[in-house]
Amino acid sequence: MKTGKYAVAGLLTLVLAHSVLAADTGLETVPVTDGIYMIAGEGGNIGVFVGEDGTFMIDDQFAPVTDNILDAVREVSGEAPRFLVNTHYHFDHTGGNENLGEGGAIIVAHDNVRKRLSVDQVSEVLGRTFEAQPDVALPVITFDEGVTFHWNGDRVDVIHVPNGHTDGDAIVHFVGANVIHTGDLVFSAGYPFLDYGAGGSIDGMIAGARKILAMTDTETRIIPGHGPVMEREKLTDYIAMLEASRDRVAALKNEGKSLEEVLKTDPLAGHHDDWSWGMMTGEFWTRLVYNSL
Ligand SMILES: [Zn+2]
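A brief structural summary.

Here's the deal with the overall build of the chain
Broken down by element type, the chain carries ten helices and 14 strands. Since a compact globule built from 293 residues should have a radius of gyration of about 19 Å, the 18 Å found for the chain is in line with a globular shape. Each principal axis of the C-alpha distribution contributes one length, and for the chain these read about 55 × 45 × 40 Å. Within the chain, the proportion of its 293 residues that are buried is 47%. Restricting the contact set of the chain to residue pairs at least 6 apart, pairs at least 24 apart contribute 63%.

Next up, the structure:
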């Protein structure tokens, strides 16, 4: 496995940025609404939906912390998850798949999540290769446009958004509960990561975030891929930042400016104070937007 120095430094800061609360496990369980919880830790935010039919989970962070995550899930539900939805293929959202699959969870995801997890993934932007996953870690139910669960007295729409953060993103809409898990299409922590090497694009991220906005009202609780639970107002700010990023960087690229020239002018400087965090510096975000255009 080759590891670039950028990735190592970046992942370290990402880990540091997420080292919060519960000192024993690093996990924090946040009640979102009746029967729905967010578990925050070092990877992507986990969603847990508890009720009479059983436990439904969204994303699973990393393999070494599966036992701690399952303890946290059992604390609110009394049982291991029956279903696990992956919002996309990234290692900080699917790293526990093998353990969860071995434990009997039925894994559900977009077609491209299964395709990507089935073979080695070389990430140029992270300077890392992610090895193919064993069969038990792969989604057993896959979908193209979406799938609906009728579960725990609610309707749960899992909806694909094309070419956003990756080429296999899904958002999870708890229609009755008025809760949305956005996967990594939305970050409340700061600038989002954008995996243009795996089919992601800034235009798709904007379209996805706008699609999510259209499902919300002022009462909606939003679980982002990374960062605290958020409301509609913060999502509106996030979309404004994405659109400004796209517009400014695209204008410079269309003038024929190289990436290095664009970085020198720091076109998104006005946003860094609000959105820069961990590995997601203003420069790194500008680079991702430029390369995705
Ligand atoms: Zn991701």
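What follows picks up the thread again.
Here's the deal with helix α5 (residues 111-118)
When we look at burial in α5, the residues that qualify are N112, V113, R114, R116 and L117. Of the surrounding elements, those touching the buried residues of α5 are α3 (91-94), β6 (106-110), β7 (121-123) and β9 (141-143).

Things to note about helix α10 (residues 282-292)
All buried positions along α10 are accounted for by G282, W285, T286, L288, V289, Y290 and S292. Turning to α10, the residues buried within the fold contact α6 (202-214), α7 (232-254), α8 (259-265) and α9 (269-275).

Side note on the packing of α6 against α7
Running from amino to carboxyl end, α6 crosses α7 at an angle of 160°, the nearest separation of the two axes being 10 Å. It follows from the interaxial angle that α6 and α7 lie roughly antiparallel. Between α6 and α7 the crossing geometry is left-handed. Counted together, I202, D203, M205, I206, A209, R210, I212 and L213 of α6 and L235, T236, Y238, I239, L242, E243, S245 and R246 of α7 form the full contact between these two elements. Considered class by class, the residues forming the contact of α6 with α7 number ten nonpolar, two polar and four charged.

Notes on the sheet that holds strand β2 (residues 36-40)
Whether parallel or antiparallel, the strands of a sheet pair through hydrogen bonds between backbone atoms. Taken in spatial order, the seven strands line up as β1-β2-β3-β4-β5-β6-β9 in an open sheet, and their pairing is mixed. One side of each edge strand has no neighbouring strand; the edge strands of this open sheet are β1 (28-33) and β9. Adjacent strand axes in the sheet meet at a mean angle of 20°, parallel and antiparallel pairs treated alike. Where strand β4 (residues 56-58) meets strand β5 (residues 83-85), three bridges bridge the pair, whose relative direction is parallel. Note on β5: the bridge partner recorded for I58 is V85. The sheet strands contacting helix α2 (residues 66-77) are β1, β2, β3 (46-49) and β4, and the helix crosses β3 at an angle near 30°. On the sheet, α5 packs against β6 and β9 and is oriented at approximately 105° with respect to β6.

Details of the environment of A244
Along the chain, A244 turns up in helix α7. C-alpha of A244 to C-alpha of H110: the two residues are 134 residues apart in sequence and 29 Å apart in space.

Describing the packing of α7 against α10
Interaxial distance between α7 and α10 falls to 9 Å at its minimum, and their mutual angle equals 65°. Here α7 runs over α10; the crossing is right-handed. Across from S245, R246, V249 and K253 in α7, the residues of α10 making contact are W285, T286, V289 and Y290. Looking at the contact of α7 with α10, its residues break down into four nonpolar, two polar and two charged.

With respect to the sheet that holds strand β13 (residues 179-181)
With mixed pairing, five strands are arranged side by side in an open sheet as β10-β11-β12-β13-β14. Strands with a single pairing partner mark the edges of an open sheet, and in this sheet they are β10 (146-151) and β14 (221-223). Mean inter-strand twist for the sheet, computed between neighbouring axes without regard to direction, equals 15°. With six bridges connecting them, β10 and strand β11 (residues 154-161) associate as antiparallel partners. Counterpart to T148 in the pairing with β11 is D157.

So, the pairing of β3
Neither face of β3 is left uncovered, since the one carrying I46 and V48 and the one carrying G47 and F49 both have all their residues buried. Two strands pair when backbone bridges link them, and β2 and β3 are joined in this way by four bridges, in the antiparallel orientation. Across the sheet, residue I39 finds its bridge partner in β3, namely I46. Pairing geometry for β3 and β4, over three bridges, is antiparallel. In the strand pairing of β4, G47 is matched with I58. Remark: six residues form the turn of the hairpin made by β3 and β4, two consecutive strands paired antiparallel; G54 in that turn has positive phi of roughly 140°.

Structural notes on the pairing of strand β12 (residues 169-174)
Here β12 lies mainly inside the structure; six of its six residues are buried. Of the two faces of β12, the one carrying D169, I171 and H173 and the one carrying A170, V172 and F174 are both buried. Bridging between β11 and β12 involves six bridges; their strand directions are antiparallel. Along β12, the bridge assignment pairs V156 with F174. By the bridge criterion, three bridges tie β12 to β13 in an arrangement that is antiparallel. Note on β13: the bridge partner recorded for V172 is H181. Linking β12 to β13, which pair antiparallel, is a turn of four residues; within it N178 sits at a positive phi near 60°.

Rules of the game
- Residues numbered from 1 in each chain as written.
- Predicted model: local features only at pLDDT ≥ 70, side-chain atom pairs only at ≥ 80, totals over all residues.
- Helix = DSSP H or I, 4+ residues; strand = E, 2+ residues; numbered from the N terminus.
- Rg over C-alpha atoms; globule rule 2.2 N^0.38 Å.
- Buried ≥ 20, exposed ≤ 12 C-beta atoms within 10 Å, placed from the backbone.
- Contact = placed C-beta atoms within 7 Å.
- Axes fitted to C-alpha atoms, helices over the stretch in contact; angles between N-to-C directions.
- Parallel < 35°, antiparallel > 145°, perpendicular 65-115°, else oblique.
- Left-handed = near helix turned anticlockwise from the far one by under 90°.
- Nonpolar A, V, L, I, M, F, W, Y, C, P; charged D, E, K, R; others polar.
- Pairing = 2+ DSSP bridges.

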